[in-house]
Amino acid sequence: MRVNVSRTALVVCAAAAIVATGGANAVVDTADVAGAASQPSGAGTPAVSTGGDSRSTGTTNSSSTPTTGTASPTVGALFSGGNHFCSASVVHSPTGDLLLTAAHCVSGDVSGITFKPGYHDGIAPYGTWQVTAATVADGWKSSSDQDLDFAFLKVAQPGSASLESITGANQLGTNQGFSHTITLTGYPDGTEQPVVCTGVTTQSDTYQQRVACPGFPDGTSGGPWVINQDPNTGTGTVIGTIGGYQTGGDTPDVSYSAYFDDDITQLYNSAIS
């Protein structure tokens, strides 16, 4: 898993985290294509899920090869207390201020969390954005349901420009199926650069998907699984986020994500309302 063993039963209680029902929003891409995968992480600080990497160090055979370098502008690291502890990505919204991450990355008061898109080598090229609210599913808050391990965060920064107008944003993809070639990105704890991998996703359970991408340890939780990524803008359609089964997996070489279906559509509609 990507979090401390003592935190595996984490219950999210952010004051702004409420779930509303509603129909699919036009921004949600529901084309009938195959699905994606991701992997968890998340050592951190008291404001978020915390702890060291308790996963095994064994490896899994994979044709995927991770690389380090500059992430898409839409992907960044979540910080608290001066350190980054999880990953997140910008998802399209009417106000342009919405992030997608794993629910197990969010706990309690979110006012101490900031987001730095495109972060690398101590540099935040697109600024630092304050998290102002979190929206998490009731099923995660009540029982840490692994099939609901996703969350939306609202961010703000002084000035008139929205985050999305600066970085671009991924479209939210739901009901996409389980077989995709994805770009997986996350920020390992203790590193100053993201790790990026291209891998093929498969179904691991009724509402879980997986991908074999080596080198995704603690800190990569919340990293997006993106299909159809534009090489010029770095944007695409996000169909997963590292989390889900064992908060992302018990080895850094295989990652999991809750399947994005109508549950995340409802949560998205709540987050933008």
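The structure under discussion appears in the preceding block.
Nothing here was measured: the structure is a model prediction, and the numbers come from that model.

The rules behind each value
- Every residue gets a number counted from 1 within its own chain, in the order that chain's sequence is written.
- Local features in a predicted model are, by the rule used here, given only for residues with pLDDT of at least 70; side-chain atom pairs are given and counted only at 80 or more, and totals for whole chains, interfaces and linings are based on all residues.
- Only heavy atoms go into the side-chain values, all of them from the structure, while hydrogens and water stay out.
- Burial here depends on accessible area, computed with a 1.4 Å probe over protein chains only, as a share of the maximum for the residue type. Under 20% is buried, over 50% is exposed, and the range in between is partly exposed.
- Under the scheme used here, helices are H or I runs from DSSP no shorter than 4 residues and strands are E runs no shorter than 2 residues, and both carry numbers assigned from the N terminus.
- DSSP calls a pair of strands paired once it identifies at least 2 bridges connecting them.
- N or O atoms within 3.5 Å of each other form a polar contact, as long as, within protein, one can give a hydrogen and the other can take it, and as long as residues adjacent in sequence are counted only when both atoms are side-chain atoms.
- What counts as a disulfide here is a pair of cysteine sulfur atoms lying within 2.5 Å.
- Planes of paired rings set the category: under 30 degrees apart is stacked, over 60 is edge-to-face and the rest tilted, where pairs are Phe, Tyr or Trp rings (Trp by its six-membered ring) whose centres lie within 6.5 Å.
- By the criterion adopted, a ring carries a charge over it if an Arg CZ or a Lys NZ lies within 6 Å of its centre and within 35 degrees of its normal.

Caption draft 1: Highlighting the pairing of strand S14 (residues 237–241). Most of S14 is tucked away, with five of its five residues classed as buried. Across two bridges, strand S9 (residues 171–173) lies against S14 in parallel orientation. Following the sheet pairing, Leu172 is matched in S14 by Val238. Taken together, the four bridges between strand S13 (residues 224–227) and S14 define a ladder with antiparallel strand orientation. What sits directly across from Pro224, in S14, is Thr241.

Caption draft 2: Broad picture of the side chain of His104. The topology assignment puts His104 in the loop between strand S5 (98–101) and strand S6 (114–117). For His104, the side chain forms a polar contact with the side chain of Asp149, separated by 2.8 Å.

Caption draft 3: Quick peek at the state of the cysteines. Under the defined criterion, the tally for this structure stands at two disulfides. A disulfide bridge connects Cys86 with Cys105, and the sulfur atoms are separated by 2.1 Å. On the sign convention where negative is left-handed, the bridge of Cys86 and Cys105, at about -80 degrees about the S-S bond, is left-handed. Highlighted residues: Cys86 in strand S4 (residues 83–90) and Cys105 in the loop between S5 and S6, separated in sequence by 19 residues. Here Cys86 matches Cys105 in class, with each residue buried. Covalently, Cys197 is tied to Cys213 through a disulfide, its sulfur atoms 2.1 Å apart. Between Cys197 and Cys213, the disulfide has an S-S torsion of -85 degrees and is therefore left-handed. Residue Cys197 is located in strand S11 (residues 195–205), and its partner Cys213 is located in the loop between strand S12 (208–212) and S13; the two are separated by 16 residues in the primary sequence. What links to what in the protein chain: the bonded cysteines, counted in sequence order, pair as 1-2, 3-4.

Caption draft 4: Region of interest: the packing of aromatic side chains. Following the criterion strictly, the structure yields six aromatic pairs and no others. Between Phe150 and Phe260, the ring centres sit 5.7 Å apart and the planes meet at 85 degrees, which makes this aromatic pair edge-to-face. Taken together, the residues Phe150 in the loop between helix H1 (138–143) and strand S8 (151–156) and Phe260 in the loop between strand S15 (254–258) and helix H3 (262–272) connect sequence positions 110 residues apart. Accessibility expressed as a relative area gives 0% for Phe150, which makes it buried. Judged by its relative accessible area of 1%, Phe260 is buried. Centre to centre, the rings of Tyr245 and Tyr256 are 4.9 Å apart; their planes meet at 65 degrees, and the pair counts as edge-to-face. Of this pair, Tyr245 sits in the loop between S14 and S15 while Tyr256 is found in strand S15, placing the two residues eleven residues apart along the sequence. Overall, Tyr256 belongs to the buried group, its relative accessible area being 13%. Through pairs of rings, three or more aromatic residues link up here, namely Phe79, Tyr119 and Tyr187. Over the ring of Phe79 we find Lys116; its NZ or CZ atom is 4.3 Å from the centre of that ring.

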